[in-house]
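Topology and contacts: notes
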Amino acid sequence: LASTTTTTTASSPKSKEDQVVNGHDEKDNNPFAEYMWMENEEDFNRQVRLVEEELQEQEFLDRCFQEMLEEEDQDWFIPSRDLPQGVGQLQQQLNGLSVGDGHSSEDILSKSNLNPDAKEFVPGVKY
């Protein structure tokens, strides 16, 4: 019987004084609801610390990985970077040269002593 009377007064307040008690609506189940997070403040702080530690660990791993990549770059031989300027230009000129003394392919074939009808060599196969 008591619960029905409280619900009727909560749903239909008679005056402004009944509606607001201590700055909170009577409808609010718990006037301290906005402070309830403090109840679990230690758990919250522990979770925040764990997340911060994970972020710091991730940043540390990223830095280590970046340093490893930079060290690896230093170990690689990169001609454009590691050779003196003149040697790099020489290498580019050498790359531009083609193999051949100006002889045509027919000329080379006519002087060849290889058998064009020979079987193709396959390693490990005995004929």
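Thresholds applied
Residues numbered from 1 in each chain as written. Predicted model: local features only at pLDDT ≥ 70, side-chain atom pairs only at ≥ 80, totals over all residues. Heavy atoms only, no water. Helix = DSSP H or I, 4+ residues; strand = E, 2+ residues; numbered from the N terminus. Buried < 20%, exposed > 50% of the residue type's maximum accessible area, 1.4 Å probe, protein only. Areas by Shrake-Rupley, 256 points an atom, 1.4 Å probe, with all protein chains shown as cover. pLDDT = per-residue confidence, 0-100. Salt bridge = Lys/Arg side-chain N within 4 Å of Asp/Glu carboxyl O. Patch = residues over 30% accessible without salt bridge, like charges linked within 9 Å, V, L, I, M, F, W, Y side chains within 5 Å. Contact = heavy atoms within 4.5 Å.

**Looking at the overall build of the protein chain**
- Along the protein chain, the regular secondary structure elements total six helices and two strands.
- Burial status across the protein chain gives 1% buried among its 127 residues.
- Element-wise, carbon and sulfur atoms account for 55% of the exposed surface of the protein chain, whose accessible area totals about 12,600 Å².

**Remarks on the confidence of the model for the protein chain**
- Averaged over the protein chain, the pLDDT score is 75; the fraction of residues at 70 or greater is 70%.
- Put simply, helix H2 (residues 16–19) is where the protein chain has its lowest mean pLDDT, 49, and helix H3 (residues 41–75) is where it has its highest, 92.

**Considerations on the pattern of salt bridges**
- This model, assessed by the stated rule, comprises one salt bridge.
- Between Arg-46 and Asp-43 there is a salt bridge, with the nearest N and O atoms lying 2.8 Å from each other. Note that Arg-46 and Asp-43 are positioned in helix H3 at a spacing of three residues, about one turn of the helix.
- Overall, the relative accessible area of 42% leaves Arg-46 in the partly exposed class.

**Some thoughts on a nonpolar patch on the surface**
- Taken together, Phe-32, Tyr-35, Met-36, Trp-37 and Met-38 make up a surface patch of nonpolar side chains, about 560 Å² in accessible area.
- Within the secondary structure layout, Phe-32 lies in the loop between strand S2 (24–25) and H3.
- By relative accessible area, which is 54% here, Phe-32 ends up exposed.

**Overview of the environment of Asp-82**
- Within the element layout of this structure, Asp-82 appears in helix H4 (residues 79–82).
- Those residues in contact with Asp-82 that lie beyond four places of it in its chain are Trp-76 and Phe-77.

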